[in-house]
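Each chain is listed here by its residues.
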Amino acid sequence: NQLIPSEYGNPNLKAETGSEIELGFDAAMLNNRLGLEFTYYNKKTIDALVGVPDPRSTGFDGEHLENIGEVANSGFEVLLNASPMSGRNFTWDATATFSTNHNELVSFGGARDEFTFGAFATVQKFLEGYPLGGFWYNDVQRDGCGSTAPDVATGCQTGNLIRDPNGIAVVDINNYTYSGPSTPTREASFSNTLTFFGNLRLFAHVDYKGGFKVWCALCSIRNRIDLNTYEVNDPAAWAGWTTGQPIPEQVAIWRSLQTKTHIMDGDFLKLREVSVQYTLPTSWTRAFRANRVSVTLTARNLRRWSKYKGAGDPEVNFSATSDFTRLDYASVPPMQQLFASIRMTF
């Protein structure tokens with residue numbers, strides 16, 4: 001239902017075929033004040049539909065769908081419901097969830113060896129035995145390992161930094177090292193509802209996503225081109241430097257084409273929502289000829305705690321046109337929002 005001039009279609013597509021084993025149980029105890037749900041899943045998909053980059057030789061710069069082979073997903077999900085306190089004047093209800101997902105490209109079906117792609121730099125791959133769209137980095141070269149050239153086979157990172165004529169670190173753009181998956185491998189959430197006297201309700205919800213990486217493309221641009229980051233202007237790095245000397249090693253690395261330092265942990269914990277709801281007494285609602293009237297004040301996206309050291313929000317993806325191209329490039333984070341509402345039931 002759409003035409004994208006930068007991309008072309010694939011008339012040889014066929015449907016995905018999947019098989020899944022799912023095991024689990026539900027349990028309730030203490031008069032349903034404590035409930036537990038557990039599920040384990042193991043799913044394999046053959047002829048998986050994945051968007052792959054268009055070869056530049058075709059004149060297109062987008063991506064197209066292909067049936068690439070076999071993909072596996074496995075993990076477990078846990079849901080815990082509890083009512084620690086339940087009385088006439090006070091009730092406490094809590095819900096906690098935790099889930100994992102291990103994703104792997106099992107096979108290309110012999111059609112190809114790998115795909116490399118990425119925005120602003122080639123940082124992602126489809127490669128057998130690794131997660132779909134996993135992150136791979138390039139690093140700087142050094143003259144260690146007892147030779148005058150870097151030992152690419154062993155990934156030697158000792159010795160002097162190899163520089164170009166401008167003093168910037170030289171990067172082996174053909175040597176990639178796996179960094180991590182591009183999508184969360186574990187997720188968790190925790191919510192609490194406190195009810196006082198049957199008509200005042202307080203609610204709070206936090207969630208967590210972790211075990212994945214984020215490509216901070218904006219960090220790379222700022223370090224290499226804009227030169228406006230702390231890393232390339234660190235007074236400690238420039239201490240003792242004089243004109244005519246090579247720029248400090250730290251600066252030479254950050255200003256290079258390496259992507260190692262710009263693929264970062266994306267783990268985060270967010271306070272998603274806090275709300276307070278008050279239900280008016282029946283004697284008050286009669287004035288409105290209503291059966292029930294409630295007033296609610298809600299705040300969302302109040303706070304984030306994160307390992308991510310990039311410029312934006314690790315949850316927001318700059319690329320909206322690809323299933324797997326993931327990066328941070330000045331993406332607008334979720335807005336902090338405040339809502340007030342009145343609900344009347346007649």
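Scroll up a little and you will see the structure.
Residues numbered from 1 in each chain as written. Predicted model: local features only at pLDDT ≥ 70, side-chain atom pairs only at ≥ 80, totals over all residues. Heavy atoms only, no water.

A. The pattern of salt bridges, seen in detail. Applying the stated criterion across every chain yields a total of 13 salt bridges. Note that K14 and D47 form a salt bridge whose closest N and O atoms lie 3.8 Å from each other. On the criterion of sequence distance, the pair formed by K14 in the segment before β1 (17–29) and D47 in the loop between β2 (34–46) and β3 (49–53) is long-range, its members being 33 residues apart. Where E315 meets K209, a salt bridge forms, and the shortest distance between an N and an O atom there is 3.8 Å. Of this pair, E315 sits in the loop between β17 (292–306) and β18 (337–345) while K209 sits in strand β13 (residues 200–210); the two residues are 106 residues apart in sequence, bridging distant segments of the chain. By relative accessible area, K209 is classed as partly exposed at 21%. The network of salt bridges with shared partners includes D207, K209, K270, R272, R304, D313 and E315. (Salt bridge = Lys/Arg side-chain N within 4 Å of Asp/Glu carboxyl O. Helix = DSSP H or I, 4+ residues; strand = E, 2+ residues; numbered from the N terminus. Buried < 20%, exposed > 50% of the residue type's maximum accessible area, 1.4 Å probe, protein only.)

B. Representation of the state of the cysteines. This structure, assessed with the given rule, holds 1 disulfide. One disulfide in the model links C216 with C219; its S-S distance is 2.0 Å. Its S-S torsion of about 70 degrees marks the bond between C216 and C219 as right-handed, since a negative value means left-handed. (Disulfide = S-S within 2.5 Å.)

C. Region of interest: helix α1 (residues 217–226). Every buried residue of α1 is accounted for by A217, L218, C219, S220, I221 and N223. For α1, the elements touching its buried residues are β14 (213–215), α2 (230–233), α4 (249–254) and β15 (263–265). Once α1 ends, the next one or two residues include L227, with phi positive near 55 degrees. (Contact = heavy atoms within 4.5 Å.)

D. Focus on the sheet that holds strand β9 (residues 124–127). Spatially, the 4 strands line up as an open sheet ordered β8-β9-β10-β11, and their pairing is antiparallel. Looking at strand neighbours, the two that pair on one side only are β8 (114–117) and β11 (177–180), the edges of this open sheet. Between one strand and the next, the sheet's axes are offset by a mean angle of 40 degrees, whatever the strand orientation. Where β9 meets strand β10 (residues 134–137), 2 bridges bridge the pair, whose relative direction is antiparallel. For Q124, the partnering residue across the bridge sits in β10 and is F135. (Pairing = 2+ DSSP bridges. Axes fitted to C-alpha atoms, helices over the stretch in contact; angles between N-to-C directions.)

E. Up close: the packing of aromatic side chains. Scanning all chains against the criterion turns up 15 aromatic pairs. Ring geometry for Y130 and W136: centres 4.8 Å apart, planes at 70 degrees, overall edge-to-face. Given the relative accessible area of 29%, Y130 is considered partly exposed. The exposure class assigned to W136 is buried, which follows from its relative accessible area of 7%. With a centroid separation of 5.1 Å and an interplanar angle of 90 degrees, the aromatic rings of W238 and W241 are classed as edge-to-face. An aromatic cluster is present here, built from F108, F115, F117, F126 and F324 joined pairwise through their rings. Above the face of the W136 ring, K125 is positioned so that its terminal group lies 4.7 Å from the ring centre. One residue, K270, lies across the ring of F268, its end atom 5.2 Å from the ring centre. (Phe/Tyr/Trp six-rings, centres within 6.5 Å; stacked < 30°, edge-to-face > 60°. Lys NZ or Arg CZ within 6 Å of the ring centre and 35° of its normal.)

F. A look at the pairing of strand β5 (residues 70–86). Sheet topology note: the β2/β5 ladder contains 13 bridges and is antiparallel. If you follow T39 over to β5, its bridge partner there is E77. Pairing between β5 and strand β7 (residues 102–107): 5 bridges, direction antiparallel. Opposite E70, over in β7, you have S107 as the bridge partner. Relative to strand β6 (residues 90–100), β5 runs antiparallel, the two sharing 8 bridges. The partner of N81 across the bridge, within β6, is T95. Once β5 ends, the chain turns through 3 residues before running back antiparallel as β6.

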